[in-house]
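Chains, contacts and geometry: an overview
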Amino acid sequence: MNKNALLSFVKQKTILVPIFLYQNYKKLGLTLEEMLFMMYLNGQGQNIIFDPQEISSDLNMTTIDIMQLISNLTDKKILEVKASKNDKGIVEEKIYLDGFYTKYSLLIMETLTENNSNEIDTSIFNDIEKEFGRTLSPSELEVIKAWTANFKSELILEAVKEATLNGVSNIRYIDKILYDWDKKGIKTKEDVLNMLNNRKKENEPVEVFDYDWFDEDEDDFE
């Protein structure tokens, strides 16, 4: 082997696999081959151009195998392939890994929650997602985790229901409800029901919290 060939071999791309992912990839519904393929794509950075020939060359796999992996991972909503025009007006297919990052972030959060406190009901995340009708973002998961340290899960869910009843599925809005209830001494689901019953008896108007309807970006929550 000559010097240039040796240097080329040494400089080959590296696939880095986090130990946590290696230990838990099955929880994401991935096979070992799919997980390694995802880590290869992750190593390509943002705006991955879908080039089956290049991927095939890098991984020493046939293009048919590559296309099958892409199809499997698309069905699992782990990745997505979209066509768009570049600056030169040429149509390109790009691979997006947003589905993977969302699922992986949720898995990390659930695992950390389980490890940090046996008292936290991790089903709270799933319950809130059902109420919102969408997947929670990593920043939303962080805020909800902080809530569980101060409020009971049943109270958090009541605040979520109160928000969605008012047509809002925003973490900041729910945060205001929780801390307003806390000031009033409302700590349990029973306290919430008693408050609602008192409202009905006294014909009090439903309290609507101040909310910026023109700024609903959950990731801006700090």
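Structure shown above.
From a predicted model like this one, the values you see are computed outputs, not experimental measurements. (Residues numbered from 1 in each chain as written. Predicted model: local features only at pLDDT ≥ 70, side-chain atom pairs only at ≥ 80, totals over all residues. Heavy atoms only, no water.)

**Observations regarding the overall build of the protein chain**
For clarity, the threshold we go by: Secondary structure elements are defined from DSSP: runs of H or I of at least 4 residues count as helices, runs of E of at least 2 residues count as strands, and each element is numbered from the N terminus. Summary of the burial criterion: residues with accessible area below 20% of their type's maximum are buried, those above 50% are exposed, and those between are partly exposed, where the area comes from a 1.4 Å probe applied to protein chains only. It only takes one pair of heavy atoms within 4.5 Å for two residues to be counted as in contact. Surface accessibility follows the Shrake-Rupley procedure with a 1.4 Å probe radius. Residue values consider only the protein chains on display as shielding.
For the protein chain, the helix and strand inventory stands at eleven helices and three strands. Mapped in sequence order, the helices and strands of the protein chain form the string α-α-α-β-α-α-β-β-α-α-α-α-α-α. Per-residue burial for the protein chain yields a buried fraction of 34% across its 222 residues. For the protein chain, the share of sequence-separated contacts (at least 6 apart) that also reach a separation of at least 24 residues comes to 59%. A total of about 14,100 Å² of accessible surface is found on the protein chain, and carbon and sulfur atoms cover 49% of it.

**Looking at the pairing of strand β2 (residues 80-85)**
Rules: Pairing between two strands requires that DSSP report at least two bridges joining them.
With six bridges joining them, β2 and strand β3 (residues 91-96) adopt antiparallel strand pairing. If you follow K85 over to β3, its bridge partner there is V91. Hairpin connection of β2 to β3: five residues between the antiparallel strands, including G89 at a positive phi of 80°.

**Observations concerning the environment of L106**
Note on placement: L106 falls in helix α6 (residues 98-116). C-alpha separation for the pair L106 and S137, spaced 31 residues apart in sequence, amounts to 8.1 Å. Leave out the neighbours within four places in its chain, and L106 touches E129 and L141.

**Observations concerning helix α10 (residues 171-183)**
The test is simple: Helix span, as expected, comes to 1.5 Å for every residue beyond the first. Contacts described as polar in this section are N or O atom pairs within 3.5 Å, which, within protein, must combine one atom able to donate a hydrogen with one able to accept it, while residues neighboring in sequence count only if both atoms come from side chains.
For α10, with 13 residues, the first-to-last C-alpha span of 19 Å sits near the 18 Å given by 1.5 Å per residue. Listing the buried residues of α10 in full gives I171, Y173, I174, D175, I177, L178, D180 and W181. Where α10 begins, the side chain of N170 points an oxygen toward the backbone nitrogen of R172, at a separation of 2.8 Å. G185 sits one or two residues past α10 and shows a positive phi near 80°.

**Quick word on a nonpolar patch on the surface**
Inclusion rule: Think of a patch as exposed residues, more than 30% relative accessible area, with no salt bridge, where like charges cluster within 9 Å and nonpolar side chains (Val, Leu, Ile, Met, Phe, Trp, Tyr) cluster within 5 Å. Salt bridge, as applied in this entry: a Lys or Arg side-chain nitrogen positioned within 4 Å of an Asp or Glu carboxyl oxygen.
A cluster of nonpolar side chains, I15, Y22, L32 and L36, forms an exposed patch at the surface whose accessible area comes to about 350 Å². Positionally, L36 belongs in helix α3 (residues 32-42).

**What about helix α7 (residues 123-132)?**
Spelled out, the test is: Arc definition: directions from the helix axis to the C-beta atoms.
Within α7, burial applies to I124, F125, I128, E129 and F132. Projection of α7 onto a plane perpendicular to its axis shows the buried side chains occupying an angular sector of 135°, all on one side. Phi for G133, located one or two positions after α7, is positive at around 75°.

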